[in-house]
Amino acid sequence: QGFLGIALLAKGLCNGIVALDRSEPALDALEMNLKENGMEDRAILLPSDLGVPAELHRIRDQLPEGDGVPGGLFTLPKPDLLIADPGRNGLPKAFRRFLYESQIPLV
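These numbers were taken from a predicted model, which means no experiment stands behind them.

**Q** Go over the overall build of the chain, please, and point to the residues and values.
**A** Within the chain, the secondary structure is distributed over four helices and two strands. Start at the N end of the chain and walk to the C end: the helices and strands fall as α-β-α-β-α-α. Across the chain, contacts joining residues at least 24 apart in sequence account for 55% of those joining residues at least 6 apart. Here the chain has roughly 7400 Å² of accessible surface; of this, 54% comes from carbon and sulfur atoms.

See the structure below:
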């Protein structure tokens, strides 16, 4: 779990990752892989169901607007890249809207 995120961290192509998944076992596996590679302090792992609009609003409210830096009310960094695994049923409409409204530069 987390192969792409760990590879980006290992190559120095990003400073940190934020992983969102509704599967606790998937997040546990990612946490274990991060620890095995000495990268656990460079990741934020959040259990979230990205198909639920209320969850997306909660996440969006934690992101800084524009080029703001985390701090104050913001607990998540402004993303430069988003990697999404759409699963069998594709990306939920609410999540596609979240991607558009978040203006993440690279998806």
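There's more to say after this.
**Q** How would you sum up the layout of surface pockets? Please name residues and give values.
**A** Reported here for the largest pocket is a volume of approximately 1700 Å³. In terms of lining residues, the largest pocket is bounded by 49 residues, among which Val18, Ala19, Leu20, Ile83 and Ala84 are the most central. Mapped by element, the contributors of at least two residues to the lining of the largest pocket are helix 1 (3-10), strand 1 (17-21), helix 2 (24-36), strand 2 (43-47) and helix 4 (93-102). Among the elements that line the lining of the largest pocket, the one with the most residues is strand 1, at five residues.

**Q** Account for the confidence of the model for the chain, naming residues and giving values.
**A** As a note on interpretation, predicted positions should not be read in detail where pLDDT is low. For the chain, per-residue confidence averages 80 on the pLDDT scale, and 86% of positions sit at 70 or higher. Per-element averaging of pLDDT across the chain places helix 4 at the bottom with 80 and helix 2 at the top with 93. Across residues 68-73 the pLDDT falls below 50, and counting only partners more than four positions away or on other chains, this stretch makes six contacts in the model.

**Q** Account for the pattern of salt bridges, naming residues and giving values.
**A** One pass over the full model with this rule turns up three salt bridges. A salt bridge links Glu31 to Lys35; the nearest nitrogen and oxygen atoms lie 3.9 Å apart. Of this pair, Glu31 and Lys35 both sit in helix 2, four residues apart, roughly one helical turn. When the shortest N-O distance is used, the salt bridge between Arg58 and Glu55 registers 2.9 Å. Note that Arg58 and Glu55 are positioned in helix 3 (residues 53-60) at a spacing of three residues, about one turn of the helix. Note on Glu55: relative accessible area 23%, which makes it partly exposed.

**Q** I'd like to hear about the nonpolar core, residue by residue, with values.
**A** Of all hydrophobic cores here, the largest spans 11 residues; its members are Leu46, Leu50, Leu56, Ile59, Leu63, Leu76, Leu82, Phe95, Phe98, Leu99 and Ile104. Looking at this core, the elements that each hand over two or more residues are helix 3 and helix 4. Sorting elements by how many residues they give to this core places helix 4 first, with three residues. If near-sequence neighbours (up to four positions away) are discounted, Leu56 is found in contact with Leu50, Ala94, Phe95 and Phe98.

Cut-offs and rules
- Residues numbered from 1 in each chain as written.
- Predicted model: local features only at pLDDT ≥ 70, side-chain atom pairs only at ≥ 80, totals over all residues.
- Heavy atoms only, no water.
- Helix = DSSP H or I, 4+ residues; strand = E, 2+ residues; numbered from the N terminus.
- Contact = heavy atoms within 4.5 Å.
- Areas by Shrake-Rupley, 256 points an atom, 1.4 Å probe, with all protein chains shown as cover.
- 1 Å grid on protein atoms, 1.4 Å probe; cavity = no way out; pocket = protein on both sides within 12 Å on 5 of 7 lines; lining within 4 Å.
- Points joined across faces, edges and corners; volume = space filled by probe spheres on them.
- pLDDT = per-residue confidence, 0-100.
- Salt bridge = Lys/Arg side-chain N within 4 Å of Asp/Glu carboxyl O.
- Buried < 20%, exposed > 50% of the residue type's maximum accessible area, 1.4 Å probe, protein only.
- Core = buried A, V, L, I, M, F, W, Y, C linked by side-chain atoms within 4.5 Å.

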